[in-house]
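Report on the structure
Listed below, chain by chain, are the residues.
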Amino acid sequence: MNDYETQRAAKIAKNQALLATLDIKTLTGRKPVKSDRNGEPQAKRRKIESAPSRTSARIASAPIKPDYNDDVPIKTITLPRSATKKSKRGALGSVIVEELEVEALVPAKDIDEIRAGWTSWTPTAQPPTRGEDAVFHFEDDFETFTPNKSPEEMLRLGVFGGSYFRALKSRKLGVVVQDDWKELPPSWTVGLNVSKSLTSPVYNPEINKNGVQCGQSIEEWEAAGWISHEHDVRGWFQWYCRFFQGRRCDDDERQISRWRKCVGVTGRFRSALLKQYGRAGVRTAEDYGDEDGDEDDGVVARGISPVVSQTCLHWGWEVRQGDLDGFWATT
C-alpha cells in the first residue's frame, strides 16, 4: 500500500468514527436511472395487453343482429325562462354570482286546457289608433309600444319566409299545431296565397320583402325558452296578432319588453339600421307601404343591410321619415 492509499484509508476511518459519535446513518446509494444516447431519462414503457390471437369461428361468422328501431323518440326538453343573475362584491373585490330560481314559461296545466286557452279569449281593448307618422298607439298602459306596421301589413309585405303558420310540432307540449292561421281576421289574408305566404313548410327568402333570410326558427325560440306556451305557442308574431285584435294577457309586459329591446326607441336593431342610413348619408327614408307601391332605390342600392331591415320588419317596424329626421337631428 502506497502513501496515498494509506492516507485515504486513515481519512475514511476518521470520518466513520466521527459519524459514529453523531449517530448519523450512512445513506445507501440510489439505483442509477437509465438514460438514452442523448443523456435523457428513458420513459417508462406501458404494458399493452393484446387481444387473444384466437377467436371462436362460430362467433366470428355469426350475423350482426339488426336494429329496427329507426324512429328514436325525442326526449322532452325543459324550457325555462332566462333567469337574471345577481352579483355582489365579496372579499377583496371579488364578484359573487348568485343564480336566481328559474321561472318556467310553461305552466303546470293540462295540455287540453292550454290548447283551449289559445282560442277562448275575447277582446278587452279597443283597436289602436294610428298617427300621421304611421305609428300605432295603444291604450295608456302600453304607450311605449309603438310599432308602425300592423300584422296584416307585415304579412302582405312578406315576413318569416312564408312559413310562420306551417304545421309545427312543439317538443315541449308534444303536440302538432296547424291551421291556427284561420283565426286571423279574413280581411288580413284575402288575396294572399296562403300556402306560399303563411303555411309554406319550407322557409322561402324570396317571400320576404327584402328577399333575404333572417332570424331563428320557432323551434329554436322554443329551445331558448322564449315561448310562453300557455299564451302563444308560436311566439312573438302570434302574440302581436292577438294583441292587435284586443286580447290582453299576463305575457304582454314580457313581449313588449322584448320589442323595446329590439326596435324600440333605443332598440339594438333599430339603432343599428339608423346608423347604417347615417353612414350611407341617406336623409330620405323609403316610403314603405305606399298605396301605389312606389319605392325609392331600395335598401341594397343605398348600402343598407337587407337583413337588418327584414329583422326590424319582423318586429313590426320600418324606418320612416320621422325616424330619420330625429336621427340626423341628434347626430
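Residues numbered from 1 in each chain as written. Predicted model: local features only at pLDDT ≥ 70, side-chain atom pairs only at ≥ 80, totals over all residues. Heavy atoms only, no water.

1. Points about the overall build of the protein chain
- On a plain count of helices and strands, the protein chain comes out with 12 helices and six strands.
- Contacts in the protein chain between residues at least 24 apart in sequence constitute 66% of all its contacts with a sequence separation of at least 6.
- Approximately 22,500 Å² of the protein chain is accessible, and the part contributed by carbon and sulfur atoms is 51%. (Helix = DSSP H or I, 4+ residues; strand = E, 2+ residues; numbered from the N terminus. Contact = heavy atoms within 4.5 Å. Areas by Shrake-Rupley, 256 points an atom, 1.4 Å probe, with all protein chains shown as cover.)

2. Quick notes on the pattern of salt bridges
- As enumerated under the stated definition, the model contains 11 salt bridges in all.
- As a salt-bridge pair, arginine 242 and aspartate 232 come within 2.7 Å of each other at their nearest N and O atoms. With a gap of 10 residues between them, arginine 242 in helix 8 (residues 236-244) and aspartate 232 in the loop between helix 7 (218-224) and helix 8 connect regions that are remote in the sequence. Taken individually, arginine 242 and aspartate 232 each receive the classification buried, so the pair is uniform in this respect. (Salt bridge = Lys/Arg side-chain N within 4 Å of Asp/Glu carboxyl O. Buried < 20%, exposed > 50% of the residue type's maximum accessible area, 1.4 Å probe, protein only.)

3. Notes on the nonpolar core
- Counting residues in hydrophobic clusters, the biggest one holds 46 residues, and the most contacted among them are Phe145, Phe237 and Tyr240.
- Secondary structure elements with two or more residues in this core: helix 4 (151-157), helix 7, helix 8, helix 9 (252-263), helix 10 (268-279), helix 11 (306-314) and helix 12 (321-329).
- When residues in this core are grouped by element, the largest group, seven residues, is from helix 8.
- Other than its neighbours up to four places away in sequence, phenylalanine 145 contacts Phe136, Phe138, Trp236, Trp239, Tyr240, Phe243, Ile256 and Trp259.
- One finds Trp118, Val175, Val177 and Val233 within the second-largest nonpolar core, a separate group that totals six residues. (Core = buried A, V, L, I, M, F, W, Y, C linked by side-chain atoms within 4.5 Å.)

4. Side note on the packing of helix 9 against helix 10
- Packing of helix 9 against helix 10 brings their axes to within 3 Å, and their N-to-C directions diverge by 20°. Considering their axes alone, helix 9 and helix 10 lie roughly parallel with respect to each other. Note on element contacts: helix 10 touches helix 9 through Arg268, Phe269 and Arg270, opposite Lys261, Cys262 and Val263.
- Here the contact of helix 9 with helix 10 is built from residues that sort into three nonpolar, no polar and three charged. (Axes fitted to C-alpha atoms, helices over the stretch in contact; angles between N-to-C directions. Parallel < 35°, antiparallel > 145°, perpendicular 65-115°, else oblique. Nonpolar A, V, L, I, M, F, W, Y, C, P; charged D, E, K, R; others polar.)

5. Considering helix 11
- Counted residue by residue, helix 11 has eight buried out of nine residues, so it is predominantly covered.
- Residues Pro306, Val308, Ser309, Gln310, Thr311, Cys312, Leu313 and His314 constitute the buried set of helix 11.
- N-cap assignment for helix 11: the residue whose side-chain oxygen lies 3.3 Å from the backbone N of valine 307 is serine 305.
- The positive-phi residue at the C-terminal boundary of helix 11 is glycine 316, with phi of around 80°. (Polar contact = N/O pair within 3.5 Å; in protein donor to acceptor, adjacent residues only side chain to side chain.)

6. A few points about the side chain of asparagine 208
- Relative to the helices and strands, asparagine 208 resides in the loop between helix 6 (194-197) and helix 7.
- At 2.7 Å, the side chain of asparagine 208 and the backbone oxygen of valine 212 are in polar contact.
- When neighbours within four sequence positions are excluded, asparagine 208 is seen to be in contact with Leu157, Gly158, Val159, Phe160, Gly161, Tyr203, Gln213, Gln310 and His314.

7. Re the side chain of glutamine 255
- Note on placement: glutamine 255 falls in helix 9.
- Of note is the side chain of glutamine 255, whose polar atom sits 3.0 Å from the side chain of arginine 258.
- Apart from the residues lying within four places of it in its own chain, the contact partners of glutamine 255 are Gly235, Trp236 and Trp239.

8. Things to note about the packing of aromatic side chains
- Counted by the stated rule, this structure contains 23 aromatic pairs.
- Look at phenylalanine 145 and tryptophan 236: their rings are 6.4 Å apart centre to centre, the planes differ by 85°, and that puts the pair in the edge-to-face class. Of this pair, phenylalanine 145 sits in the loop between strand 4 (136-137) and helix 4 while tryptophan 236 sits in helix 8, and the two are 91 residues apart along the sequence. Comparing phenylalanine 145 with tryptophan 236 shows no difference in burial state: the two are buried.
- Feature note: the residues Phe136, Phe138, Phe142, Phe145, Trp188, Trp236, Trp239, Tyr240, Phe243, Phe244, Trp259 and Trp315 constitute an aromatic cluster, connected by ring pairs.
- Sitting over the face of the ring of phenylalanine 243, arginine 248 holds its NZ or CZ atom 3.7 Å from the ring centroid.
- When the ring centre of tryptophan 328 is taken as origin, the NZ or CZ atom of arginine 283, which lies over that ring, is 3.9 Å away. (Phe/Tyr/Trp six-rings, centres within 6.5 Å; stacked < 30°, edge-to-face > 60°. Lys NZ or Arg CZ within 6 Å of the ring centre and 35° of its normal.)

9. Re the environment of glycine 191
- By the secondary structure assignment, glycine 191 is in the loop between helix 5 (186-189) and helix 6.
- Once the C-alpha coordinates of glycine 191 and arginine 156 are considered, the two residues, 35 residues apart in sequence, prove to be 9.3 Å apart.

10. Considerations on the state of the cysteines
- All told, the structure shown has zero disulfides when counted by the stated rule.
- Free of any disulfide, cysteine 214 has its nearest neighbouring cysteine sulfur in cysteine 312, separated by 9.3 Å.
- A relative accessible area of 9% places cysteine 214 in the buried class. (Disulfide = S-S within 2.5 Å.)

11. Considering the confidence of the model for the protein chain
- Overall, the predicted model of the protein chain reaches an average pLDDT of 78, with 68% of residues at or above 70.
- Low pLDDT, under 50, characterises residues 55-108; the stretch is placed with 58 contacts to residues that sit more than four places away or in other chains.
- Predicted confidence for residues 287-297 stays below pLDDT 50, and this span has 18 contacts to residues more than four positions away or in other chains. (pLDDT = per-residue confidence, 0-100.)

12. Thoughts on the packing of helix 10 against helix 11
- For the pair helix 10 and helix 11, the least separation of the axes is 10 Å and the interaxial angle reads 140°. The orientation of helix 10 with respect to helix 11, classified from their angle, is oblique. The hand of the helix 10/helix 11 crossing is left-handed. Every residue of helix 11 that contacts helix 10 at Phe269, Arg270, Leu273 and Gln276 is listed here: Val308, Ser309, Thr311 and Cys312.
- In terms of residue class, the contact of helix 10 with helix 11 is made up of four nonpolar, three polar and one charged. (Left-handed = near helix turned anticlockwise from the far one by under 90°.)

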